[in-house]
Amino acid sequence: MKVLKFGGTSVGTAQSIKAVMDIVEQEHQANPSLVVVLSAMSGVTNLLVDMAERAAAGNDFSKHLAALEIRHFEVVKQLLDIPQQNPVYTRLKIYFNQLEDLLQGVLVLRELTPKTRDLILSYGERCSTLLISRMALQHFEGAVYVDASEVVKTDSNFGQARVNTDLTDLLIRGLASENEGKVLFVTGFISSNEAGQVTTLGRGGSDYTAAIFASALGAEEIQIWTDVNGMMTADPRIVKKAFSLSELTYTEAMELSYFGAKVIYPPTMTPAFLKRIPIVIKNTFDPAFGGTVIRHDCNENGLPIKGISSIDKISLINLQGSGMVGKAGFSGRLFSLLARERINVMLITQSSSEHSITFAVQPADAERACKLMEQEFELELVAQKLDTPVIERDLSVLAIVGENMRHTPGMSGRLFHALGRNGINVRAIAQGSSEYNISVIISAHDLGKAVNAVHDAFFVEFNKTLNVFCLGTGNIGKTLFAQLQQHSEYLAKQLSIQVRIAGISNTRKMRFSVDGLKLDDWEQDLDAYGEPADLSAFVARMKEMNMPNAVFVDNTASAQPVAFYEEIFKSTISIVTCNKIGNSASYSQYETFRDTARKHGVDFFYETNVGAGLPIIRTLKDLMVSGDRVQKIEAILSGTISFIFNNFKGDANFHDVVKTAQDKGYTEPDPRDDLSGKDFMRKILILARDAGHQMEAEDVQIESILPKACLEAKTVAEFYASLKAEEAHFNNLKQQAESAGKVLRYVGQLYEGKASITLQMVGEDHPFYSMSGADNVIAFTTDRYKDRPMVVKGPGAGAEVTAAGVFADLINVGAN
């Protein structure tokens, strides 16, 4: 014996009903003893509720009723042979006439009681089950229509009736005995009290009906056929990477379904659990998929949790005051009151001092709950032993569920790290001693972001997604996109990281996509579909999208984006930048950026500020974190100047070397921007600050390479003319160095709290003697590296190496 239940979407159209019949026919061939429980057609129950409320408000419902009738008649016309249609039309017409009479009565009385509401709602299941049972007769003999209200007996709690199990089991077994060998097509959701008045089992109660029949008949399996591939790790509408679970325990399924997973109705588990009947969640539209099996014992699958579920709208009520402390029975008095008034409490937390109790309820119940509490505790409120209850609105519950949690240390830490990392404030926490469930209450605005962040944190076999917003599409920006596209497969396989470009902007246009912009045609896409660029609007949209693991990448050399850094940090968005202006402005700004990032738990990576793709800042920080003390730093941190002096030797003249550097793209359009030492100064300043020195730009002493006439030239052409005119000066410097067996190097130094950049002559014993191309080099003299400094050396200019440095910083954000 198997019990199959089909939900509203499974019986929503003629096409889906055909799929249902194929499944039933296939199961019938393998097992003649079947019970098929059916919901109302999708949307019908909501329409019935709407018509009832319209009638109660004195509004016309006739158009909706006519549309409902036509919808059912159309299905009959499409699925039943012509000779079989009239009897079904007649029976359906009787149902619709009865429904119209009921609604007309509500309209006249302007009153909709729970009893009348249940009776009205019962017609959804009656109509769908009738027509499907008649269709089944075309496929096999012995299909019987069963109105469950005749056998499922309950109390008179209309809308959420409690089942009289003993009587119901007796009636169901009698029904099955009378119809042995036949397929029973049963109305889900509906039942009746001792007086024969129709009751309902609660929204989603068709699952419960299936479990009640399975328990009474000792079924071997309950199949719940719906429109998704079983129960998933999270709501797939929120988390694109959610995946189906092959099996769950009853407890896990109960926890997931209670906290928002709509695949199965929570009470369904109780009858199945008591008889240990497996429940299989299947997809009507993909019947070949195995689905999810809910059973008593599950095999180990290595997952730390089984799923993440949520309730998107709840309200939090907080009651506090000294009158609660140490007072026995206070909590019982509070929750007994709420239970009597049928207010469901979804989550409870209480401070250890007993000074406050916080609990979550449905938003519709919040005001009523507060009024009841004010009446119940009126004396305590007047005596100021209790404060007036406070309601917090626009909240959601997120819960992680799994039996493995109690065997795995650090589950809470991983959850709260993921939430904190994304700036999600937790208003309340609840965890049972069984450790099957950890629930947190957060802002409803943050729910999507939170579920995605937590999913990334726990299901590590699926890639962690960085949602990146890129500013600047020049050489560095373009090269970065090319590198990300080229290495995306490596990032996914080796580092379990996916970089998704959620926004791009340059000075002309900007473009956004929640699902990520394609990097193979981003330029054409930006030009064709981008909106006018506006930096303030770009930042505002990035914040509004509220995506998890968000990173702002500044690939510009402009001061404008820097003005938004602090705001971005406060929005819990990490920043990766090759823009030196932010960190080399005032020390107070540098300190503000560092402290704000730390306070909000995000990253601020700017490796390319100093050494392009070289790990200079990271090396310095690692030395300091490990307890080493930096005594001296020497560096050549201008790839442009490095190239010039590496090639200014032999017969070469300074003018030609500078012109070659410009032709190769190493210099700015005006080479004086490099040769003035200002860019070098910014790098030394940032390095000094990261080494712990409170230093301003004017504290860095700069020895100019260029004579005054070169610096004061009005145009680039005049500058080059001045270089030629000063050739003797530069040749003299070169000859002095060569005669001493040395080479010219423009060296920055940090020593004893002072920073300087000077033109030096260094010999073969110096680590900067052997240089080539546009290399940068830095030497750290520390307590550990005293006799032989630690040297970091490599290319220090060019879009490729700078973009690679930005790339590396991005990956480091993903690793945190």
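Please read these numbers as outputs of a predicted model, since none were measured by experiment.

*Asks:* Even after reading the chapter, I still don't get the sheet that holds strand S14 (residues 390–401), so can you show me in this structure?
*Replies:* Across a sheet, paired strands are connected by hydrogen bonds in the backbone, their directions being either parallel or antiparallel. The antiparallel open sheet is built from six strands, whose spatial order is S12-S13-S11-S14-S16-S15. The open sheet terminates on both sides in strands that have one partner only, identified here as strand S12 (347–350) and strand S15 (428–431). When strand polarity is set aside, the average angle formed by the axes of neighbouring strands in this sheet is 30 degrees. Pairing geometry for strand S11 (residues 307–320) and strand S13 (residues 356–361), over six bridges, is antiparallel. Note on S13: the bridge partner recorded for Ile-317 is Phe-359. Its contacts with the sheet put helix H10 (residues 330–340) on S11, S12 and S13, and the angle it makes with S13 is roughly 20 degrees. Lying on the sheet, helix H13 (residues 411–421) is in contact with S14, S15 and strand S16 (437–443); it crosses S16 at an angle near 15 degrees.

*Asks:* Honestly, the pairing of strand S2 (residues 34–38) in this entry has me stumped. Any pointers?
*Replies:* Every regular strand shows the same layout, with side chains that alternate between the two sheet faces. Of all five residues in S2, five are buried; the element is thus mostly enclosed. By the alternation rule, side chains of S2 split into Leu-34, Val-36 and Leu-38 and Val-35 and Val-37, which are all buried. Here strand S1 (residues 2–6) runs beside S2; their pairing, made up of five bridges, is parallel. Within S2, the residue paired with Val-3 across the bridge is Val-35. Remark: the S1/helix H1 (residues 14–30)/S2 crossover connection has right-handed handedness.

*Asks:* Can you walk me through the packing of helix H4 (residues 82–109) against helix H5 (residues 114–136) in this structure?
*Replies:* Think of two packed helices as two axes; the pair is described by the angle between the axes and how far apart they sit. The N-to-C vectors of H4 and H5 enclose an angle of 170 degrees; their axes lie 10 Å apart at closest approach. Taken as axis vectors, H4 and H5 run roughly antiparallel relative to one another. From H4, Val-88, Arg-91, Leu-92, Tyr-95, Phe-96, Gln-98, Leu-99, Leu-102, Leu-103 and Val-106 reach across to H5, where they touch Thr-116, Leu-119, Ile-120, Tyr-123, Arg-126, Cys-127, Leu-130, Leu-131 and Arg-134. Each residue belonging to the contact of H4 with H5 can be placed in one class, and the counts come to 14 nonpolar, two polar and three charged.

*Asks:* Sorry, what's going on with the sheet that holds strand S29 (residues 790–795) here?
*Replies:* Reading across the sheet, the six strands line up as S25-S27-S26-S24-S28-S29 and stay open at both edges, with mixed pairing between neighbours. Single-partner strands in this sheet number two, and they are strand S25 (700–702) and S29. Taking the axes of each pair of neighbouring strands and ignoring which way they run, one obtains an average angle of 20 degrees across the sheet. Of the strands in this sheet, strand S24 (630–636), strand S28 (775–782) and S29 are in contact with helix H22 (residues 616–625), which crosses S28 at around 10 degrees.

*Asks:* Where do I start with the packing of helix H2 (residues 44–56) against helix H3 (residues 62–79) in this structure?
*Replies:* Packing of H2 against H3 leaves a shortest axis separation of 10 Å and a crossing angle of 155 degrees. On the basis of the axis angle, H2 is roughly antiparallel to H3. The crossing of H2 and H3 is left-handed. Between H2 and H3, the contacting residues are Val-44, Leu-47, Leu-48, Asp-50, Met-51 and Arg-54 on the first element and His-64, Leu-65, Leu-68, Arg-71 and His-72 on the second. Of the residues in the contact of H2 with H3, the class split is six nonpolar, two polar and three charged.

*Asks:* Any chance you could explain the environment of Pro-548 here in plain terms?
*Replies:* Its place among the elements puts Pro-548 in the loop between helix H17 (535–545) and strand S21 (550–554). Looking at Pro-548, the relative accessible area reads 10%, which means it is buried. Along the backbone, Pro-548 and Leu-447 are 101 residues apart, and their C-alpha atoms lie at a distance of 10 Å. Sequence-distant contacts of Pro-548, that is, excluding residues within four places in its chain, are made with Asn-422, Lys-449, Asn-452, Ala-453, Thr-465 and Asn-467.

*Asks:* Looking at this structure, how should I read the pattern of salt bridges?
*Replies:* Pairing between side chains becomes possible if they bear opposite charge and their charged atoms approach one another. Summed over the entire model, instances satisfying the criterion amount to 38 salt bridges. Note that Arg-54 is salt-bridged to Asp-50, the shortest N-O span being 3.1 Å. A residue pair is termed a helical-turn pair when its members lie 3 or 4 positions apart in one helix, as Arg-54 and Asp-50 do in helix H2 at four residues. Owing to a relative accessible area of 29%, Asp-50 belongs among the partly exposed residues under this scheme.

Thresholds, definitions, all that
Residues numbered from 1 in each chain as written. Predicted model: local features only at pLDDT ≥ 70, side-chain atom pairs only at ≥ 80, totals over all residues. Heavy atoms only, no water. Pairing = 2+ DSSP bridges. Helix = DSSP H or I, 4+ residues; strand = E, 2+ residues; numbered from the N terminus. Axes fitted to C-alpha atoms, helices over the stretch in contact; angles between N-to-C directions. Contact = heavy atoms within 4.5 Å. Buried < 20%, exposed > 50% of the residue type's maximum accessible area, 1.4 Å probe, protein only. Right-handed = clockwise from strand over helix to strand, strands pointing away. Parallel < 35°, antiparallel > 145°, perpendicular 65-115°, else oblique. Nonpolar A, V, L, I, M, F, W, Y, C, P; charged D, E, K, R; others polar. Left-handed = near helix turned anticlockwise from the far one by under 90°. Salt bridge = Lys/Arg side-chain N within 4 Å of Asp/Glu carboxyl O.

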